[in-house]
Number of protein chains: 2
Amino acid sequence: MSTTPAPAHRQLHLNAFLMSTGHHEASWRLPESDPHANTDVEHYKKLARTAERGKLDSIFFADSPVLFGEVGRRPAGKLEPTVLLTAIAGATEHIGLIATASTTYNEPFNLARRFASVDWASGGRAGWNVVTTAGPDAARNFGVDDQPAHAVRYERAGEFIEVARKLWDSWTDDAVLADKEEGVWGDADKIRTIDHEGKHFKVRGPLNVPRSPQGHPLIVQAGSSEDGKDLAAKYADAVFTAHQTLADAQEFYRDLKSRTAAAGRDPETIKILPGIVPVIGATEEEALELERELDRLIKPEYARIQLAKTLRVDPEDLPLDRQLPENLPSEDEIEGAKSRYTLIVQLARREQLTVRQLIGRLGGGRGHRTFTGTPVQVADAIQEWFDGGAADGFNIMPPVLPSGLEAFVDQVVPILQERGLFRTEYTGRTLREHYGLPRPENQYAGAAAPELASIGSAF
Amino acid sequence: MSTTPAPAHRQLHLNAFLMSTGHHEASWRLPESDPHANTDVEHYKKLARTAERGKLDSIFFADSPVLFGEVGRRPAGKLEPTVLLTAIAGATEHIGLIATASTTYNEPFNLARRFASVDWASGGRAGWNVVTTAGPDAARNFGVDDQPAHAVRYERAGEFIEVARKLWDSWTDDAVLADKEEGVWGDADKIRTIDHEGKHFKVRGPLNVPRSPQGHPLIVQAGSSEDGKDLAAKYADAVFTAHQTLADAQEFYRDLKSRTAAAGRDPETIKILPGIVPVIGATEEEALELERELDRLIKPEYARIQLAKTLRVDPEDLPLDRQLPENLPSEDEIEGAKSRYTLIVQLARREQLTVRQLIGRLGGGRGHRTFTGTPVQVADAIQEWFDGGAADGFNIMPPVLPSGLEAFVDQVVPILQERGLFRTEYTGRTLREHYGLPRPENQYAGAAAPELASIGSAF
Ligand SMILES: Cc1cc2nc3c(=O)[nH]c(=O)nc-3n(C[C@H](O)[C@H](O)[C@H](O)COP(=O)(O)O)c2cc1C
Ligand SMILES: Cc1cc2nc3c(=O)[nH]c(=O)nc-3n(C[C@H](O)[C@H](O)[C@H](O)COP(=O)(O)O)c2cc1C
């Protein structure tokens, strides 16, 4: 659609991962931070407009249907992301809006409808980060005492996406005739039941929302276990992931691209975005000083309780100035977030970190790579992974908000643009267009629709 | 909070019930109507601003998790209401925002959170119309072949509201300490699990959203069966209802107020709002001409199919120019929307309507009272019921949108204001304040909170 000449260099995709006062766990304690930001839509609208000024592809909110963490430690509790993103949609024009939602604790009909609604409300800018939700605590908010097994959660996730795609396709794009003359609004031959019957779901359809601007909202996936990668290879348009080293990221990138090809898809159509926590200063010294200031504000008591929970040990078994105990469970035994568990243990072992040091490293980005330096150094770090076959773009996780996002947009983005790595203007309108992905065909195109029985209504 | 002197007359409450191109089923066929309005947030933002110009208490969207009706007949499918209302929140400042959601096809944790989020996103303007969702078709979108029985649906609804209220109270209003100096964000003694265990739900909590501006979003109820009235008496702040005659409305009003008193509540704290479809013209003749024009555009074939479904007979058994057949099921046998069923049958019998005439009467407001006349006559009709002990206000259901809402706001509201029946300015900020209702106390105030175990997180 755009008439701009094709750029000389492959283009980066950048997503801003937003979280109250920032990703560093102590960010809320800085004088500049508003500790009530987590319930303030104006805070988030402002962040989204900043990201849009930087021409970023999208913003993103993580989520889980449970209150987690030590509530003393950092802002806890947050607005439901599809609600929050809808509030932001009205304050922005281009930027994509990605919300996390769990396939374990939702019904496909309700969720498919909600994302289709956000897609309509934003003019085609909705994305769904599909997660399976790790941990037994969420289960207890839904009448069950423990979470389904990891493999079962992923099996349900795959079927959930299948049902959602059928529902999104249950109206053809031209199903609304709006024929005032004849008095026929919708074409009953173009709106169909889906009659899905599978292991986890039985759903009749059709959806009660016309097919949305993007056809299907963008599908994002963020679990890096074996099952997580297989789900991504089959369904994801974009993948968020966490890696500490270039080698790990390259390995993950190669692996996921080849799984995607094996699933019969063009590997170009899955965009892999590792996380990076950029701690930015005008000079290296300034950047290091910001990092030190943040780390000084961490209270290790809180973090230790959470680390113990992740590692499935007693907090008493984690003295702050010793390394991790020898015999920790293997990834196989973890029913929660497998890939993040392994990353944390490997990081501690590889760098021989004490518990206190490990807590410092995790406090900045919970396992995501922290990079501290000048704008040019940050741009170099991004380009190294991008050119080195480790990334199609990045998940930008500012340690402090709004200032860390402003620094990235005003100081790092211009460098990436000068290098021809990143757009200077939006060329598309929808989130799929920003990521260079086509609008999905309707899987029922051309198929005869089963007869749509009339259903009563009496409000 | 306001310093205005108390008004001389009891004050009306007015809600605008919004629905695509209007409540009349043929409204979409008028030249002025946009038949794609049902997916257009700009259309609804404009309507909400019009309602706000008229100082109305609130706007409202009906909903059901199913596509219903004949899709040829009128705009079908709509955006999920909490999403739509959040989009509207950003375009308005005062007006209340009421969304329908089903207790039969949702989980309390997810829904309580969503409404708390809308309440935050709107600065305390969220309301929830609690419905049990009639009809087997919705069930089939959720893995079940038929709906739970009417009584079971209402039993679940009661427990659902209980759980939601516990979750909304799981944070005290002062739970966020935000103590930067000491590094303590939330007070673990003021955020508690709810440990609910009942017949339908087992929910641990706490909610993952701080207590919202209104404490609890406004609770609205709209089912008028015996069970529906009992639910309202126990929990509702406002009630939507449909009546054709003053006598029926008075009877309902008396009955519900006394049930409310019997439930141990002040009957002043439940606001009863019958529906009215005002067909407004500068002269009586102009109003009648608009009504006739709309009725001419109805296609009775569609409406007959739906009527047959409601009455549980074959469409062939409803010849257009005969009266309803003699032996129809009694209300006891109806597992769907009991009260609306009875209203329709009684209307047809009382006025000896043919099927074609009945369809005409239902086409305007689906059983709600249609009133056709000049602005003064509409104001008189409203005042008659209001002063006559039949209503605390009205649910305004414009037959055509936007024009019917504009006519009401610009021509009827000023008359009501002159008569001292309706506010000329908003005096409160929240939806509860508009309805003159207090902010709910926290049910756990003063109670010791059970210890809040830490829960891991690793995004
Ligand atoms: C950037 C990023 C964001 C994530 N956001 C969420 C989230 O919001 N909710 C969630 O349950 N999991 C989220 N995850 C995934 C979890 O960290 C974890 O990997 C997943 O729940 C379990 O998947 P796995 O066992 O396949 O690793 C995110 C992961 C990444 C890399
Ligand atoms: C103004 C008004 C709006 C209503 N909106 C809805 C709605 O959005 N969804 C719904 O399922 N029922 C709605 N109802 C209720 C149904 O009409 C019906 O009464 C209810 O589903 C069954 O309750 P009952 O058997 O107690 O009458 C509404 C009722 C009124 C009066």
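Residues numbered from 1 in each chain as written. Chains lettered and ligands numbered in written order. Predicted model: local features only at pLDDT ≥ 70, side-chain atom pairs only at ≥ 80, totals over all residues. Heavy atoms only, no water.

Caption draft 1: Representation of the overall build of chain A within the structure. When helices and strands are tallied, chain A shows 14 helices and 13 strands. Whereas a compact globule of 459 residues would reach a radius of gyration of roughly 23 Å, chain A reaches 23 Å, a difference of no more than 12%. Summarising its shape, the C-alpha atoms of chain A cover approximately 75 × 55 × 45 Å along the three principal directions. Here chain A holds 459 residues, and 63% of them are scored as buried. (Helix = DSSP H or I, 4+ residues; strand = E, 2+ residues; numbered from the N terminus. Rg over C-alpha atoms; globule rule 2.2 N^0.38 Å. Buried < 20%, exposed > 50% of the residue type's maximum accessible area, 1.4 Å probe, protein only.)

Caption draft 2: Inspection of the interface of chain B and chain A at higher detail. Opposite the 90 residues of chain B that make contact, chain A presents 90 residues. Here chain B packs against chain A, burying approximately 7,800 Å² in sum over the two surfaces, 59% of which is carbon and sulfur. Taken together, chain B and chain A are joined by six salt bridges. With a closest N to O distance of 3.3 Å, A:Arg204 and B:Asp137 form a salt bridge. A per-element tally of the side of chain B that touches chain A places helix 3 (residues 108-121) of chain B first, with eight residues. Looking at the side of chain B that touches chain A residue by residue, the class counts come to 42 nonpolar, 24 polar and 24 charged. (Contact = heavy atoms within 4.5 Å. Buried area = accessible area lost by both parts, 1.4 Å probe. Salt bridge = Lys/Arg side-chain N within 4 Å of Asp/Glu carboxyl O. Nonpolar A, V, L, I, M, F, W, Y, C, P; charged D, E, K, R; others polar.)

Caption draft 3: Region of the structure containing the site of ligand 1. What surrounds ligand 1 is a group of 25 residues, the closest being A:Asp63, A:His150, A:Tyr154, A:Ser225 and A:Ser339. What surrounds ligand 1 is not a single chain but chains A and B. At 2.7 Å from an oxygen atom of ligand 1 is found a side-chain nitrogen or oxygen belonging to A:His150. At a separation of 2.6 Å, an oxygen atom of ligand 1 approaches a polar side-chain atom of A:Tyr154. Relative to its free-state accessible area of 610 Å², ligand 1 is covered by the protein chains to the extent of 99%. Secondary structure elements with two or more residues in the shell around ligand 1: strand 4 (126-131), helix 5 (150-168), strand 10 (238-241) and helix 10 (338-350) of chain A. (Near = heavy atom within 4 Å. Polar contact = N/O pair within 3.5 Å; in protein donor to acceptor, adjacent residues only side chain to side chain. Areas by Shrake-Rupley, 256 points an atom, 1.4 Å probe, with all protein chains shown as cover.)

Caption draft 4: Quick peek at the UniProt feature "domain: Luciferase-like" (unreviewed entry) in chain A. Following the UniProt record, the feature "domain: Luciferase-like" (unreviewed entry) maps to residues 33-390 of chain A here. Across residues 33-390 of chain A, helical content stands at 41% and strand content at 14%; the span's end C-alpha atoms are separated by 33 Å. (UniProt positions renumbered as here; feature names shortened; annotations may be inferred.)

Caption draft 5: Geometry of the pattern of salt bridges. Under the counting rule described, the total for this entry stands at 64 salt bridges over all chains. Its salt-bridge partner being A:Lys257, residue A:Asp392 comes within 2.9 Å of it at the nearest N-O pair. You can see A:Asp392 sitting in the loop between helix 12 (375-387) and strand 13 (393-396) and its partner A:Lys257 sitting in helix 7 (residues 246-262), a full 135 residues away along the chain. Like A:Lys257, A:Asp392 is buried. When the shortest N-O distance is used, the salt bridge between B:Arg53 and B:Asp410 registers 2.5 Å. You can see B:Arg53 sitting in helix 1 (residues 41-53) and its partner B:Asp410 sitting in helix 13 (residues 403-418), a full 357 residues away along the chain.

Caption draft 6: Representation of the confidence of the model for chain A within the structure. Mean pLDDT for chain A: 94, with 97% of residues reaching 70 or above. This complex was scored by the predictor with a pTM of 0.96 and an ipTM of 0.95. (pLDDT = per-residue confidence, 0-100.)

Caption draft 7: Just the pairing of strand 1 (residues 13-17) of chain A, in detail. All names here are of chain A. With five of five residues buried, strand 1 is to be regarded as a mostly interior element. Of the two faces of strand 1, the one carrying His 13, Asn 15 and Phe 17 and the one carrying Leu 14 and Ala 16 are both buried. One ladder, built from four bridges, connects strand 1 with strand 13; its direction is parallel. Note on strand 13: the bridge partner recorded for His 13 is Gly 393. For the crossover that starts at strand 1, traverses helix 1 (residues 41-53) and ends in the parallel strand 2 (residues 58-61), the hand is right-handed. (Pairing = 2+ DSSP bridges. Right-handed = clockwise from strand over helix to strand, strands pointing away.)

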